[in-house]
Amino acid sequence: MEIIIHRGAKQIGGSCIEICSDQTRLIFDIGEELPKTNNPEKAKLKLLVDDLFVYSKITDRKINGIFISHNHGDHIGLFETVKEEIPIYIGKTSLEIQNTIFDFISKDKKIVPERVLENEIPIKINDFIVTPFLIDHSAFDSYAFLIESDGKKVIYTGDFRRHGAKGVLTEKFAKHPRTQNPDVLLIEGTNIFKDEFVADKEDIIGMKAEAFMRKIQGNIFVLQSSANIDRIEQIYRACKKVNRYLIIDIFTAHILSNLPNGQYSELKIFYPLWLTRKMHDTPEGTKKMNRFSRRKISKKELKSRRDLCILVRENMLSDIEHRIDYSDAGLIYSKWEGYKKDPKTKYFLEFFDAPKLETISLHTSGHADIQTIKDFVRDLNPVKIIPVHTETPEKFQEIFGDLVSLIDDKIKIVV
Ligand SMILES: [Zn+2]
Ligand SMILES: [Zn+2]
């Protein structure tokens, strides 16, 4: 078995790893580089992998499958440019959420998987067996992979943490009889450089949100990703406790409609003006906008109520200004701090700052803190560790010593 990290050995985001043998080539993640927060216009580097992308050279070594750990852009963002004929494997809900996002950003190409990933159900491809394991991360339906071939065992963690709502999955994975003593552990280390950092649990975020909601007289706005389902759940629970009505926009309603248990299907919906105009440009868009029309909150209610909690994005500023009561309102900023440098976000925050509306930042990382990484490695007991998805791979060496191999992108590793 061989491993080639095409990208991600020394950077966060843009992950793409190949694991192959003489007869089989498998790809794990097809990530786009993350935007540079202080320079969002900066071009993202293309990734060249023979036979994977429509623009790459053809050496005529067929790729037998692309496995996607989760639907964050830094793991799936190059989907549009991969060759049509390569089979794709992705979790069912992850797939549905991503195709919903494509619908709303008017991408014609949709993901049609060869097969959807199911927790602990192995997939055999030639001389490989790939077993996905559900793992805790800020993207819903995220997987780590156990990859076996020719008597060897490799683990690729994807992105993971233990302090989210599904932390027990991470523990279960690390202690599972099948995952023990891998020959190679490809492990993400986004947060490994932060020595003293202990990540807040998701439910702490919920408790702090609840306290903030009690204090604020007017409406609450929550600036967060519509795809961060764990966070929406915390906000939802906080709203219930303080008797606020959680309002989502039509895009978020579509995202949530993909969840397996039909939760959140009673939430009222508002229609942001720019999005409504854009979607009504096409008959399919109109159909999407009408799908939940019976749940629409009336203009009058939106304008007059002061007990709402509304999930928003930066491009809804004009709706907030003209269609919703924002006197005495409060803002919960619930994203990574780094995004505050993004000009759109900065502008949004300044709007709330001008009339001195109260703002609170409540967020926790989607990635493991250092103690979680230590416990995880101890439980798995790997023969060799290869860090990925980190800007400080040398930190792994400081902690785990000789177990760690620091490998550059594009270098072939024989297992
Ligand atoms: Zn990532
Ligand atoms: Zn991620």
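Because the structure is predicted, anything quoted here is derived from the model rather than measured. (Residues numbered from 1 in each chain as written. Chains lettered and ligands numbered in written order. Predicted model: local features only at pLDDT ≥ 70, side-chain atom pairs only at ≥ 80, totals over all residues. Heavy atoms only, no water.)

**Details of the packing of aromatic side chains**
- Inspection of every chain in the model, using the stated rule, returns 18 aromatic pairs.
- On the numbers, 5.6 Å between centres and 25 degrees between planes, the contact of Phe79 with Phe102 is stacked. Taken together, the residues Phe79 in the loop between α1 (73-76) and β5 (88-91) and Phe102 in helix α2 (residues 92-104) connect sequence positions 23 residues apart. The same class applies to Phe79 as to Phe102, namely buried.
- Residues Phe173 and Phe376 carry aromatic rings whose centres are separated by 6.0 Å and whose planes lie at 20 degrees to one another, so their mutual orientation is stacked. Of this pair, Phe173 sits in helix α3 (residues 167-175) while Phe376 sits in helix α12 (residues 370-380); the two residues are 203 residues apart in sequence, bridging distant segments of the chain. For the pair formed by Phe173 and Phe376, the shared burial category is buried.
- Grouping aromatic residues by their ring pairs yields a cluster made of Phe28, Phe67, Tyr89, Phe145 and Tyr156. (Phe/Tyr/Trp six-rings, centres within 6.5 Å; stacked < 30°, edge-to-face > 60°. Helix = DSSP H or I, 4+ residues; strand = E, 2+ residues; numbered from the N terminus. Buried < 20%, exposed > 50% of the residue type's maximum accessible area, 1.4 Å probe, protein only.)

**Some thoughts on the domain arrangement of the protein chain**
- Each assigned domain of the protein chain is listed here: domain 1 (2-195 + 366-414) and domain 2 (202-361).
- Relative to domain 2, the C-alpha centre of domain 1 lies at a distance of 31 Å.
- At the junction of domain 1 and domain 2, the tally comes to three salt bridges.
- In this structure, Arg161 engages Asp230 in a salt bridge whose closest nitrogen and oxygen atoms are separated by 3.0 Å.
- At the surface where domain 1 touches domain 2, the tally comes to six residue pairs in polar contact (both at pLDDT 80 or more).
- Looking at the side of domain 1 that touches domain 2, its residues break down into seven nonpolar, nine polar and five charged. (Domains from an automatic or database assignment. Salt bridge = Lys/Arg side-chain N within 4 Å of Asp/Glu carboxyl O. Polar contact = N/O pair within 3.5 Å; in protein donor to acceptor, adjacent residues only side chain to side chain. Nonpolar A, V, L, I, M, F, W, Y, C, P; charged D, E, K, R; others polar.)

**Side note on unusual backbone geometry**
- Phi angles above zero are rare outside glycine, and Glu120 is one such case at about 65 degrees.
- Among the secondary structure elements, Glu120 is positioned in the loop between β6 (115-117) and β7 (123-125).
- You can call Glu120 partly exposed: its relative accessible area is 28%.
- Positive phi outside glycine occurs at Asp328, with the angle close to 55 degrees.

**Topic: the nonpolar core**
- Residues Met213, Ile220, Ile235, Leu246, Tyr264, Cys309 and Ile332 are the most contacted members of the largest nonpolar core, which totals 38 residues.
- When residues of this core are traced back to their parent elements, those giving at least two are α2, α4 (202-215), β12 (220-223), α5 (229-242), β13 (245-249), α6 (250-256), α7 (273-279) and β15 (308-312).
- For this core, the element with the highest residue contribution is α5, accounting for seven residues.
- Lining this core are residues from two domains, each supplying at least three of them: domain 1 (2-195 + 366-414) and domain 2 (202-361).
- With near-sequence residues (within four places) excluded, Tyr264 lies in contact with Ile229, Ile232, Glu233, Tyr236, Leu256, Leu259 and Arg295.
- Within the second largest apolar cluster, 27 residues are counted, among which are Leu117, Val130, Val154 and Ile386. (Core = buried A, V, L, I, M, F, W, Y, C linked by side-chain atoms within 4.5 Å. Contact = heavy atoms within 4.5 Å.)

**Quick notes on the coordination of the zinc ion (ligand 2)**
- Taken together, His70 (NE2), His72 (ND1), His137 (NE2) and Asp159 (OD) make up the full set of protein donors to the zinc ion (ligand 2), lying 2.2 to 2.4 Å away.
- For the zinc ion (ligand 2), the four donor atoms in the first shell make angles of 89 to 165 degrees at the metal, a pattern classed as irregular.
- Each donor residue of the zinc ion (ligand 2) belongs to the same chain, and together they define the spacing H-x1-H-x64-H-x21-D.
- In this structure, the zinc ion (ligand 2) is positioned 3.5 Å from the zinc ion (ligand 1), and both are ligated by Asp159. Of this pair, His72 sits in the loop between β4 (65-67) and α1 while Asp159 sits in the loop between β10 (152-156) and α3, placing them 87 residues apart in sequence.
- On the accessibility criterion, His72 (26% relative accessible area) is partly exposed.
- What makes Asp159 buried here is its relative accessible area of 2%. (Donors = N, O, S within 2.8 Å, 3.2 Å for Na, K, Ca; no water. Tetrahedral: all angles 85-135°; square planar, octahedral: opposite > 155°, others 65-115°.)

**So, the sheet that holds strand β16 (residues 330-333)**
- Across the sheet, which stays open at both edges, the six strands sit in the order β14-β13-β15-β12-β16-β17 with parallel pairing between neighbours. If you trace the sheet from one side to the other, it starts and ends with β14 (268-270) and β17 (358-361), each paired once. Averaged over all pairs of adjacent strands, the angle between their axes in this sheet comes to 25 degrees, without regard to strand direction.
- Sheet topology note: the β16/β17 ladder contains four bridges and is parallel. (Pairing = 2+ DSSP bridges. Axes fitted to C-alpha atoms, helices over the stretch in contact; angles between N-to-C directions.)

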